[in-house]
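# Residue-level structure breakdown
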Amino acid sequence: MKNQRKRILMAGFHLESNTSNPVPVTEADFRILSPSELLLHFPDAVSAITNAGCEVLPSIYAESLCVAAGVLELASYRSIAERIIADVPLDGNVDGVWLYLHGSMQVEFIGSGEAFLVSAIRERVGPSIPIAVAMDFHGNMSHTLARCANIIVGYRTAPHTDIAQTQQIAAELVCRAAKDDILPQNTLVRVPMLQPGEAATTDMPHVRRIMEMLDALDRRDGVWRSSYFTGMSWIDCPHNGSTLVVSGTGQNRSDLEAALIQNAQEIWEMRHAFCLSDNSLPPEEAIRKALSSPGKTVLLSDSGDNVTAGAVGDNALMLGLLLRVAAEHTLVAGIWDEAAVNLCAEAGDGAELTLYLGGRHDRNSQSVLLENARILSLHRDVQGRADGVVLRTGGITVIVNSVRCSFTGEQDLIDYGVSYHDYHVIVVKLGYLFPGLSAIADDSYIALTEGNAMLTIGKFLYRNQRRPLYPFEDDFPYDAKSTLW
Ligand SMILES: [Zn+2]
C-alpha cells in the first residue's frame, strides 16, 4: 500500500562549468555528501518538507569543491548521476522530487548535465510526479530542463545571499504540488543577450527592475514562481544567455505569455545598462589605484582568473605586475601551483629560495620568477584538501596552494595563518566580491585581466552560440514571442 505521507526525494549535483578552462573535472573534484549528510546540509529545505507533513527521501549531494571549474568528464558525471537516478524508487513510492542544481554544468559529449539528469529522473518517475529544481542565477536554462521539470526556482540575488531561501521555496512548492496533486509547467522566454555576472548584480538598477518584474509575475493567478537567469557567459553552448521562466498552472496562459513577452522586451531594451562598474580597470591601472587608495583594506580582483567563475587559478600575471612596481603591504591569495608547494615543503619552514610560480595548468597563464622568497609558513590538509605555503618577497606575500582554491572570506585567510589586518592590498581570484570579503573591504577594484573568466567577453571565440546575441551584435530585430516555450 502506498505510504500516506507524501515522499519527497532530495538530491543535489552542483557544478558551474567554464568551457575555456582546459583542466578536466572529475569525481575527485566533488565533495559527495551521503543521504544523512544531505539532510544536515539543506536544513531549510528539509524543514519545509517536514513542516508540510511530507517525508524526506534523501539521496546524495555532489558539490563541486570550488563551486565552478571546467567541463565534467563523462565517466565521472555518469558515476554521480547514476547514483542519484538509482535512488529514485521504481515502485512508485515517491511523490515528488526536489533537486539542487546549478544550471551551468557542462558535461563532455552531453552538454547540459542538468537537462540530462532531470530528463533521466523524469523517465524514471513517469509523467505525473512533480519535480522541482532550485537553481543559480547564473544558470543557462535549457528547453529540456524546462520541459522535464515542473517547478524552477532561481536565486534572486547576486552575489548570492538567498541560496537557502531558494532551496526552501522549491521544497515548499514541490510539497504543494504533491499534496494537491497538481503538475505545474514552465513557460520560458529568451532574451538574446549574454553578460558576465559582474554586469548583473542586484545592486544595479536594471537588475532590481527585473526583480520587480518577477514580483509582479508572482502575483498573477496561476503563477507559482518566476525566475530570471542571466546565464553563464563562459560556456560556449547554444543555450547560454538570459531567460525568464515562470512555473505555474495553465490558468490564463495567454495573459501570462503576453506579460512574459512584454517583460522580455523591456529587458532587451535595457541591454546597454548591463555594463561593468566604474571600478573595473585595466590591470596596471587597477593596481595603481589600489596601491594609492586611502582605504585601510583594499580588495583587488584578478577577474580573468576568477576561480569562482571556473577559471584555472594558476595565473601569476598580477603577481608579476605587483613585483614590477615593488608593491608594499600586499597579499596575493592565492595561486595554484602544487610543484611550488612541494618544493617549499622540501626546503622547510623559514627557508629562502628562488622559484617559478604559476602557469602550470593553463598554457595561457603566466609564470613568474620569485627571487629570494622566504617561507613564512607551511600548511597541510587545509580545509581537508589543500597543502599550502605562504611566501614573502619584498613587500609582497603570496599564498600558494596544491589544489585550485578560492579565497572568498576572512576565514579562508586565517586557515593559512594570515590576517587581513596586516595588508593594505589583497589580490583575490574573483570577479565581484563575495559578501565575506566586501564586509572587510574599505575599497575595491576589478582588474580586467585576460583568462578563462575574462570580463571582456567580446574577446572570446565562441563557436557554438546561437547568434545574433548582444553584445556581440546589437540593434538586430528581436521578437520575444518567437522564443516562447
Ligand atoms: Zn552564480
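Just so it is clear, the model here is predicted, and its values are computed rather than measured.

## A short note on the overall build of the chain
Per the secondary structure count, the chain includes 13 helices and 20 strands. Expected size for 485 residues packed as a compact globule is a radius of gyration near 23 Å; at 23 Å, the chain falls within 12% of this value. Seen through its principal axes, the chain has C-alpha atoms that stretch 70 × 55 × 40 Å. Out of the 485 residues belonging to the chain, those deemed buried represent 52%. A fraction of 76% describes how many contacts in the chain between residues 6 or more apart in sequence connect residues 24 or more apart.

## Some details on the packing of helix H2 (residues 43-51) against helix H6 (residues 163-180)
Orientation of H2 relative to H6, taken along the N-to-C sense of each, is 20°, at an axis distance of 8 Å. As the angle between them shows, H2 and H6 are arranged roughly parallel. Pair H2 / H6 crosses with right-handed handedness. Where H2 abuts H6, its residues Asp-44, Ala-45, Ala-48 and Ile-49 lie against Ala-164, Gln-167, Gln-168, Ala-171, Glu-172 and Cys-175. Looking at side-chain class alone, the contact of H2 with H6 contains six nonpolar, two polar and two charged residues.

## Focus on the environment of Met-454
Along the chain, Met-454 turns up in the segment after strand S20 (443-447). For Met-454, a count of 23 C-beta atoms within 10 Å corresponds to the buried category. Through-space distance from the C-alpha of Met-454 to that of Asn-306 is 8.1 Å; in sequence the pair is 148 residues apart. Setting aside residues no more than four positions away along its own chain, Met-454 makes contact with Ser-303, Gly-304, Thr-449 and Lys-459.

## Description of the pairing of strand S4 (residues 96-101)
When you tally the buried positions in S4, you get six out of six residues, the bulk of the element. Residues Gly-96, Trp-98 and Tyr-100 line one face of S4 and the alternating positions Val-97, Leu-99 and Leu-101 line the opposite face, and both faces are buried. As judged from the six bridges shared by strand S1 (residues 7-17) and S4, these two strands associate in the parallel manner. Bridging across to S4, Leu-9 finds its partner in Val-97. As judged from the four bridges shared by S4 and strand S7 (residues 131-135), these two strands associate in the parallel manner. Note on S7: the bridge partner recorded for Trp-98 is Ala-132.

Criteria and cut-off values
- Residues numbered from 1 in each chain as written.
- Predicted model: local features only at pLDDT ≥ 70, side-chain atom pairs only at ≥ 80, totals over all residues.
- Helix = DSSP H or I, 4+ residues; strand = E, 2+ residues; numbered from the N terminus.
- Rg over C-alpha atoms; globule rule 2.2 N^0.38 Å.
- Buried ≥ 20, exposed ≤ 12 C-beta atoms within 10 Å, placed from the backbone.
- Contact = placed C-beta atoms within 7 Å.
- Axes fitted to C-alpha atoms, helices over the stretch in contact; angles between N-to-C directions.
- Parallel < 35°, antiparallel > 145°, perpendicular 65-115°, else oblique.
- Left-handed = near helix turned anticlockwise from the far one by under 90°.
- Nonpolar A, V, L, I, M, F, W, Y, C, P; charged D, E, K, R; others polar.
- Pairing = 2+ DSSP bridges.

Remember that the coordinates give geometry; whether it matters functionally is a separate question.
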